[in-house]
Amino acid sequence: MTPEWEASADLVVVGSGVAGLTAALRAREAGLRVVVVTKSAISDGNTRWAQGGIAVVLPGGHESGDSAQRHAADTIAAGGGLCESAAVTSILAGGPAAVARLRRRGAVFDAAADGALALGREGGHSAFRVVHAGGDATGAEVERALADSVRRAAIPVLEQHLAAQVLLAGSGAAAGLLVLAAGTGVPDRPGVVRAQSVLLATGGLGQLYQVTSNPAVATADGLALALRAGAAVADVEFVQFHPTVLYTGPGVSGTAPLVTEALRGAGAVLVDAAGDRLMAGVHPLADLAPRDVVAAAITRRMAAAPSGVGDHVFLDATHLGPAEFGRRFPGVRAACQAVGIDPARQPIPVAPAAHYHCGGVVTDLRGRTSVPGLFAAGEVARTGLHGANRLASNSLVEGLVMGERAAAATGARPPDRHPPEPGPSSGPLLPVATDLGALRRLMSRHAAIGRDRAGLAAAQAGIARSVTQRLPAGRADYEAAALTLAARVVLTAAAARTESRGCHVRTDFVGRDDAEWRRSLVLRLDESGVPEVAGAVLATAAR
Ligand code: SIN
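This is a predicted model, so every value here is computed, not measured.

The rules behind each value
- Residues numbered from 1 in each chain as written.
- Predicted model: local features only at pLDDT ≥ 70, side-chain atom pairs only at ≥ 80, totals over all residues.
- Heavy atoms only, no water.
- Pairing = 2+ DSSP bridges.
- Helix = DSSP H or I, 4+ residues; strand = E, 2+ residues; numbered from the N terminus.
- Axes fitted to C-alpha atoms, helices over the stretch in contact; angles between N-to-C directions.
- Parallel < 35°, antiparallel > 145°, perpendicular 65-115°, else oblique.
- Contact = heavy atoms within 4.5 Å.
- Phe/Tyr/Trp six-rings, centres within 6.5 Å; stacked < 30°, edge-to-face > 60°.
- Buried < 20%, exposed > 50% of the residue type's maximum accessible area, 1.4 Å probe, protein only.
- Lys NZ or Arg CZ within 6 Å of the ring centre and 35° of its normal.
- 1 Å grid on protein atoms, 1.4 Å probe; cavity = no way out; pocket = protein on both sides within 12 Å on 5 of 7 lines; lining within 4 Å.
- Points joined across faces, edges and corners; volume = space filled by probe spheres on them.
- Nonpolar A, V, L, I, M, F, W, Y, C, P; charged D, E, K, R; others polar.

Undergrad: Even after reading the chapter, I still don't get the sheet that holds strand β11 (residues 233–234), so can you show me in this structure?
TA: Strands in a sheet are paired, the pairing made by backbone hydrogen bonds, and the direction either parallel or antiparallel. Strand order in this open sheet of 5 strands is β19-β17-β11-β22-β23, and the pairing throughout is mixed. Lying at the two open borders of the sheet, with one neighbouring strand each, are β19 (381–382) and β23 (531–538). Bridge analysis of strand β17 (residues 360–362) against β19 gives 2 bridges, and the strand direction is parallel. Considered in β19, the bridge of Val361 is made with Ala381.

This is the structure we're talking about:
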């Protein structure tokens, strides 16, 4: 693939979600030349779909008795013993300033009757501390405010451009990107963006599974780019399933509308087809238990149900009534009404779906990966905040804080008077699964909620049989290659972790084994590009 065009910048940001746009704005404020590369339109990322909000303890604006320490304790409890205490303290401490900055950039949050910001509650939180916008449209408002700011700052955004490869200098440092102009109906035009720093902010890997709350762009691109550049990843076995996406019928696949946890924060309860409560007695927080606990309980109840009703349960929010439901949850109401359900009058059919990758590219608290000049922020990164199971609404706060810090860290890199020459930019041969439908079926059957040794091995073998080694021909091929690699990485880590913890539920190793496994698995690619466990990092959080 011969590059047909070239651009240069101090920082190239891949992805236009909350972390990427925050980083671009910060870099521009610091006087850096920054370019954003996004394979779709600027607002098509995952951020837009976030419903619940931003978890933050605002000085002078929090529930009585709440504190940053309580928020940290809830995060660590949800994280199943694998959070890094320094990451939890540091990132959550950055929340109030990040929200204030976002408001200065134009984001408007919902206000309570007294004029203070209205606070919602979600699973795993011991207090009302989730700020939200447009009822259940927080992500859309955050994305709008950041995208408007980026336009006002005239930051170049290469829309419909796919990052195909991180280019490395002879020293091994990142030196730019091989990019494919990949608009629909437009012939793919490869180009090179030379940059001293590359920031991956590409989101997650929901499209690995048959049903996901993630949009079509969530194809693990950043994880694959980082691994192929030599970076380490960790906690990748922890794929969080949201307990409640809208169930629209048997065998439906693809992106499913989220039914926000904030509904349970407002008193909605999970029931089965017989109307029996699911969460009573399962956890002290009942319907507001951490997400992994609720998703696993739903999965167990579905498995025990008579055939025909075993693929969903119900969320009963009828206590809210039509006016309150419409005011607080307009997005969920619209999604329900689109499939003929009136959620203020009838229980909403729901099922778990792939939602968030708790692990990712290992970074420090300045967004630096193990490859000099390569940074990562947001869902693609693993800072140690989430551990084995992310606390609800901690992702936007992480993206805001770490996007800002990563950009600051790129600015702090000493300017290179002789910018490194990127090495060959033809792009390597990559393993590509030829049938993504089959790959998703394997992952959903064997690597979702409930995994065992035989199933994980069957998934690995099935993927190996369907893979061909080729030079990706365009965007679809690169996405398939990224998903193929992500599947292998998740399966390798899931097979290695012989216990159950957080989002990783092993039916052949029931229960948590702290003596052996209170550690994060670190993976890299070996010389032939195969994922291998390269080490382990002991967890530092208190429990
Ligand atoms: C939700 O609104 O339930 C999702 C929020 C999140 O994933 O943090």
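Structure shown, so let's carry the discussion forward.
Undergrad: When you look at the packing of helix α3 (residues 85–93) against helix α11 (residues 395–412) in this model, what are you seeing that I'm missing?
TA: Two measures define how a pair of helices packs: the angle their axes make with one another and the distance between the axes. It is the contact of α3 with α11, at a shortest axis distance of 9 Å, that shows an interaxial angle of 90°. Considered as vectors, α3 and α11 are oriented roughly perpendicular to each other. Contacts from Ser90, Ile91 and Leu92 of α3 reach α11 at Val397, Glu398, Val401, Met402 and Arg405.

Undergrad: Which parts of the structure should I look at to understand the packing of aromatic side chains?
TA: Each aromatic ring pair is described using two quantities: the centre-to-centre distance and the angle formed by the ring planes. In this structure the tally under the stated criterion is 2 aromatic pairs. Between the aromatic rings of Tyr209 and Phe241, the centroid separation amounts to 5.2 Å while the plane-to-plane angle is 85°, which identifies the pairing as edge-to-face. Pair noted here: Tyr209 is in the loop between β9 (189–200) and β10 (211–212) and Phe241 is in strand β12 (residues 239–246), with a separation of 32 residues, a long-range link. Across this residue pair, the class does not change: Tyr209 and Phe241 are buried. Ring centres of Phe325 and Phe329 lie 5.8 Å apart, and the angle between their planes is 65°; on these two criteria the pair is classed as edge-to-face. Look at Phe325 and you get buried, because its relative accessible area is 0%. Residue classification places Phe329 among the buried positions, given a relative accessible area of 0%. Against the face of Tyr356 rests Arg390, its NZ or CZ located 4.0 Å from the ring centre.

Undergrad: Looking at this structure, how should I read the layout of surface pockets?
TA: Here the idea is plain: a probe the size of a water molecule rolls over the atoms and shows the empty space left. Its volume calculated, the largest pocket comes out at about 710 Å³. For the lining of the largest pocket, the secondary structure elements donating two or more residues are β12, β13 (254–255), α8 (291–304), β16 (348–357) and α12 (436–446). For the lining of the largest pocket, the class distribution of residues is 16 nonpolar, 10 polar and 2 charged.

Undergrad: What am I meant to see in the sheet that holds strand β3 (residues 54–55) here?
TA: Reading across from one edge, β3-β5-β4 is the order of the 3 strands in this open sheet, with antiparallel pairing throughout. The strands lining the two open edges of the sheet, one partner per strand, are β3 and β4 (119–120). As paired elements, β3 and strand β5 (residues 130–131) share 2 bridges and run antiparallel to each other. Note on β5: the bridge partner recorded for Ala55 is Val130.

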